[in-house]
Amino acid sequence: MDQQREQNGGPAQDIGRLELLSTIGFNGTSQSSLVVHPNGQHLIYPLGDTVVVEDITTKKQDFLQGHTNMVTCITVSRSGRFLASGQQTHMGFKAQVIIWDFEKRCIHGTQNLHKVKVESLAFSPNDLYLISLGGQDDGALIIWDVKKKESVCGAEAAVKSAGTTFCVAAANNSDYLFFSGGDRTLRVWELDVQNRKIRPTDVTLGQLKRIVKCIVVSPEDDYFYCATTTGDVLKIFTDTQKLRSYGPQECFCMGVTSLVLIKGGSILLGSGDGTVAIMNDKFKVTKKEKIEKAGAITSITLRGKGHQFFVGTNNSHIYRFNLPEFTYEMTSTCHYNEVNDICFPCGASDLFVTCSKNDIRVWLTESGKELIRINVPNMTCHAVALMPDGKSIVSAWDDNKIRSFFPQSGKLMYQIADAHNKGVTALAVTSDSRCIISGGGEGQVRVWRVNPESQSLIQAMKEHKGVVTCVKVNKEDTECVSASTDGTCILWDLKKFVRNQVVFANTLFMCVCYNPLMKQIITSGTDRKIAYWAVDDASQVREVDGSASGAVNAMDISPDLKYFVTGGDDCLIKMWKFDEGTVIYVGSGHCSAIKRLCICPRQKYIISVSKDGAILRWKYPE
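Owing to the predicted nature of the structure, the values given are computational and were not obtained by experimental measurement.

Parameters at a glance
- What you see as residue numbers is a count from 1 along each chain, following the sequence as written.
- Local features in a predicted model are, by the rule used here, given only for residues with pLDDT of at least 70; side-chain atom pairs are given and counted only at 80 or more, and totals for whole chains, interfaces and linings are based on all residues.
- Remark: hydrogens and water are excluded; side-chain values derive from all non-hydrogen atoms of the structure.
- Numbering of helices and strands starts at the N terminus; helices are DSSP runs of H or I of at least 4 residues and strands are runs of E of at least 2.
- The quantity called the radius of gyration is restricted to C-alpha atoms. Its globule counterpart is 2.2 Å times the number of residues to the power 0.38.
- Only heavy atoms matter for contacts: two residues are in contact if any of them lie within 4.5 Å across the pair.
- In short, Shrake-Rupley with a 1.4 Å probe defines the accessible areas, and a residue's cover is counted only from the protein chains shown.
- Positive charges come from Lys and Arg alone, negative charges from Asp and Glu alone, with His and the N- and C-terminal ends not counted.
- Note that the charge is assigned to NZ on lysines, CZ on arginines, CG on aspartates and CD on glutamates.
- By convention a nonpolar core is built from buried Ala, Val, Leu, Ile, Met, Phe, Trp, Tyr and Cys residues, the set being connected through side-chain atoms within 4.5 Å.
- Classification of residues uses two cut-offs on accessible area relative to the type maximum, computed with a 1.4 Å probe and protein chains only: under 20% is buried, over 50% is exposed, and between them is partly exposed.
- Definition of a polar contact: a pair of N or O atoms within 3.5 Å, with one able to donate and the other able to accept a hydrogen when the atoms are protein atoms, and with sequence-neighbouring residues admitted only if both atoms are side-chain atoms.
- Note on disulfides: each one is a pair of cysteine sulfur atoms within 2.5 Å.
- We define a salt bridge as a side-chain nitrogen of Lys or Arg found within 4 Å of a carboxyl oxygen belonging to Asp or Glu.
- The rule for pairing is simple: two strands pair if DSSP sees at least two bridges between them.
- Note on definitions: angles span 0 to 180 degrees between N-to-C directions of axes, and those axes are lines fitted to C-alpha atoms, for helices only across the stretch in contact.
- In this scheme, patches are assembled from residues that exceed 30% relative accessible area and form no salt bridge. Like charges are connected within 9 Å, while nonpolar side chains (Val, Leu, Ile, Met, Phe, Trp, Tyr) are connected within 5 Å.
- The predictor attaches a confidence to each residue, and that confidence, scored 0 to 100, is pLDDT.
- Pairing of aromatic side chains here covers Phe, Tyr and the six-membered ring of Trp, requires ring centres within 6.5 Å, and sorts the geometry by plane angle: under 30 degrees stacked, over 60 edge-to-face, intermediate tilted.
- For a lysine, the NZ atom is tested; for an arginine, the CZ atom; a charge sits over a ring if that atom is within 6 Å of the ring centre and within 35 degrees of the ring normal.

Peer 1: Can you help me understand the overall build of the chain in this one?
Peer 2: Each helix and strand counted, the chain has 0 helices and 56 strands in total. Since a compact globule built from 622 residues should have a radius of gyration of about 25 Å, the 27 Å found for the chain is in line with a globular shape. Over its C-alpha atoms, taken along the principal directions, the chain stretches across nearly 85 × 60 × 45 Å. A sequence separation of at least 24 residues applies to 42% of the contacts in the chain between residues at least 6 apart. In the structure as shown, the chain presents an accessible area of about 25,700 Å², 47% of it carried by carbon and sulfur atoms. Considering the chain, the positive charge centre built from 69 side chains and the negative charge centre built from 66 side chains are found 3 Å apart.

Structure follows, in structure tokens:
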């Protein structure tokens, strides 16, 4: 926070903290990143650098914030008292492990002993120790005393001839026994606390060469199962550390990625092609269901007594299964690629629209429920806007097309082919819903007259030399401003279709906003500066530092024109007073670059979207 108080070059000021209300999203790419608390009432999962604790019934969310980068793994202790999470960081830096007190929702202790990434975590059965495994740049196993909040000992997870170790699992009856597996390595470990050592025993697999991604231990610790990338399941008996049997002849496509033991000795598993199956102890598949368009299964977690379980996928979907009937329903979904734009309907805050690769989605603002999904396979939508009359959703795509959709059904209304040469990168609509102003990768700004029956080009304005990143229209529809990566922002006369003014800066402009009362525009870009410009003569009125590090990619002015918000590569939301040019609130929750943000028309919320697919809803300060 202190870094953000250096915005104005003066003494530190009192800066408030934006309140994060809810999130839409899920880091589904991480293995075992979805956990149900032992109380059966809370679903725990990572989103960016935040750990989300969600009440399964009410959908109320609590947020555990303390990580500095993306959370890669989480685990919960058997008693439910503790929760642990690990993160990744930049090359050469230490990756943090945090143990949380679940009831108090606060940090119990931290550890910074792994390099770059924490791969996997596991609590011992009586909450005495936490086992943490580093990623491929670290390769270390570390045992941490939970009560004393200090490390006990550590060792290399595998011999140097083996590959990366991917998972750890604790025994169910002993605090001093645990297991690890990975690329050509499978080990049983014993902890000697008195001598501060962990001693491995390598499991003999004979001629089998396997990459183990998940381990699950039997209730009596007499054997454990291993999920492999070749699509089979290994069964290892701990008394001899030898392979006694392995999975069915029919292997699962794209590997077995998740394993859970259920009552009766059966195995619940997920695979890389989206299949969820139950296999008995004889390795016979008794139930099987493939979830279409879900992506790879990365997490399976039982709820309570096991009548229900949740499934997480790398496409950021969460499904709830009923175990006896083996039926499922989707409970959560989000973009799994970077979100490029966001918009609200004119004068309404109840819903908003986002766009990403492959699709456009319409969301309810307060509940985060997805209303409509418009799919355009293998294409990326760069910008989206709602016509003020509410009759169409207009979108800009990388295949050079402008597409318009019916907002109720999501069906295509019309499309403009070859709207630009190098993709349509920005667009805006006029207040009468008759015209679209689009920007392209080749630098042109084009004005289109549109209706459902016909679409025609009115004028092409050709002065930018770089990609047009943002277009905004004034309320009278007499003028628009376009920002470009060529270091210029141009004010265009929409009656004569000529340039009124141009501003120059040594930056790649990423966004621009109007303030009609002040007759000013504000701009930001890769130089981290926020600049105020007079509309009449394009003179610079003021310049302030918008960020301590990274480009400022997103900006929006409040409807009352008194405040504006910014976001960018520093992953922070900042709220500014327009007249003074000072930061008054900062919000932290994203762990990747913020692409766009928007203040809702009724000034109740701020919605921000980021490169990792996350959508965050913030309370607009009173």
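Read on for the rest.
Peer 1: Would you mind going over the nonpolar core with me for this structure?
Peer 2: Leu34, Leu43, Tyr45, Phe310, Ile318, Ile606 and Trp618 are the most contacted members of the largest nonpolar core, which totals 26 residues. Of all the secondary structure elements, the ones that give two or more residues to this core are β4 (42–47), β52 (572–577), β54 (594–599) and β56 (615–619). Grouped together as the second largest cluster of nonpolar side chains are 17 residues, Leu177, Val203, Leu205 and Val217 included.

Peer 1: What is the right way to look at the side chain of Gln61 in this model?
Peer 2: As for its placement among the helices and strands, Gln61 is situated in strand β6 (residues 61–65). Judged by relative accessible area, Gln61 falls into the buried class, the value being 11%. Within the structure, Gln61 has its side chain in polar contact with the side chain of Tyr45 (distance 3.2 Å). Those residues within four positions of Gln61 in sequence are excluded, and the remaining contacts are Leu21, Ser22, Thr23, Tyr45, Val52, Val53 and Glu54.

Peer 1: Whenever I open this one, the state of the cysteines confuses me. Can you help?
Peer 2: Disulfides are covalent bonds that connect the sulfur atoms of two cysteines. Taken as a whole, this structure holds 0 disulfides when the rule is applied. Among the cysteines around Cys251, which has no disulfide bond, Cys253 carries the closest sulfur, lying 9.2 Å off.

Peer 1: Before we go on, may I ask you to explain the pattern of salt bridges in this structure?
Peer 2: Counted under the stated rule, the structure contains 21 salt bridges. In this structure, Arg361 engages Glu370 in a salt bridge whose closest nitrogen and oxygen atoms are separated by 3.0 Å. By relative accessible area, Arg361 is classed as buried at 0%. Across the pair Arg499 and Glu463 runs a salt bridge whose closest N-O atoms are separated by 2.9 Å. With a gap of 36 residues between them, Arg499 in strand β45 (residues 498–504) and Glu463 in the loop between β41 (455–461) and β42 (468–473) connect regions that are remote in the sequence. Exposure remark for Glu463: the relative accessible area of 32% places this residue in the partly exposed category. Overlapping salt bridges bring together Asp359, Arg361, Glu370 and Arg373 as one network.

Peer 1: Looking at this model, I keep getting lost on the sheet that holds strand β25 (residues 275–279). Mind explaining?
Peer 2: Sheet strands line up and pair through hydrogen bonds in the backbone, either parallel or antiparallel. Across the sheet, 4 strands lie side by side as β23-β24-β25-β26; this open sheet has antiparallel pairing. Of all strands in the sheet, those with a lone pairing partner are β23 (256–261) and β26 (285–290), marking the two edges. Adjacent strand axes in the sheet meet at a mean angle of 15°, parallel and antiparallel pairs treated alike. Here 5 bridges tie β23 to strand β24 (residues 267–271), and the two strands are oriented antiparallel to one another. For Leu261, the partnering residue across the bridge sits in β24 and is Ile267.

Peer 1: Help me out: how do you make sense of a nonpolar patch on the surface in this one?
Peer 2: Together, Leu128, Tyr176 and Val193 line one region of the surface with nonpolar side chains, adding up to about 230 Å² of accessible area. Among the secondary structure elements, Val193 is positioned in the loop between β17 (185–192) and β18 (197–202).

Peer 1: Looking at this model, I keep getting lost on the confidence of the model for the chain. Mind explaining?
Peer 2: Atomic detail in the predicted coordinates should be set aside for any region of low pLDDT. Considering every residue of the chain, the mean pLDDT works out to 92; 97% of them sit at 70 or more. The low-confidence segment residues 1–12 (pLDDT under 50) makes 22 contacts with residues lying over four places distant or belonging to another chain.

Peer 1: Is there a simple way to think about the sheet that holds strand β37 (residues 412–416) in this case?
Peer 2: Pairing in this open sheet of 7 strands is antiparallel, and the strands run β31-β32-β33-β34-β35-β36-β37 from one edge to the other. The sheet is open, and its two edges are formed by β31 (341–343) and β37, each paired on a single side. Taken pair by pair, the neighbouring strands of this sheet meet at an average axis angle of 20°, ignoring direction. Pairing analysis gives 3 bridges linking β31 to strand β32 (residues 351–355), with the strands arranged antiparallel. Within β32, the position partnered with Ile342 by the bridge is Thr354.

Peer 1: Help me understand the pairing of β6 in this model?
Peer 2: Successive side chains on a regular strand alternate, one facing one side of the sheet and the next facing the other. By the bridge criterion, 5 bridges tie strand β5 (residues 50–55) to β6 in an arrangement that is antiparallel. Across the sheet, the residue bridging to Thr50 is Gln65, located in β6.

Peer 1: How should the packing of aromatic side chains be read in this particular structure?
Peer 2: Any pair of aromatic rings gets described here by the distance separating the centres and the angle formed by the planes. All chains considered together, the criterion is met by 18 aromatic pairs. Summarising the aromatic geometry, the rings of Phe309 and Phe326 are spaced 6.2 Å apart at their centres and angled 45° between planes, so their arrangement reads as tilted. Residue Phe309 is located in strand β28 (residues 308–313), and its partner Phe326 is located in the loop between β29 (318–322) and β30 (327–332); the two are separated by 17 residues in the primary sequence. Exposure remark for Phe309: the relative accessible area of 0% places this residue in the buried category. An aromatic cluster of three or more residues is present, and its members are Phe309, Tyr319, Phe321, Phe326 and Tyr328. Its guanidinium or amino end placed over the ring of Trp397, Arg403 lies 5.3 Å from that ring's centre, counting from NZ or CZ. It is Arg617 that lies over the ring of Tyr605; its NZ or CZ is 4.7 Å from the centre.

Peer 1: Help me out: how do you make sense of the environment of Tyr223 in this one?
Peer 2: On the secondary structure map, Tyr223 appears in strand β20 (residues 223–228). For Tyr223, a relative accessible area of 14% puts it in the buried group. C-alpha separation for the pair Tyr223 and Phe237, spaced 14 residues apart in sequence, amounts to 4.1 Å. Setting aside anything within four residues of it in sequence, one finds Tyr223 in contact with Val217, Ser218, Lys235, Ile236, Phe237 and Thr238.

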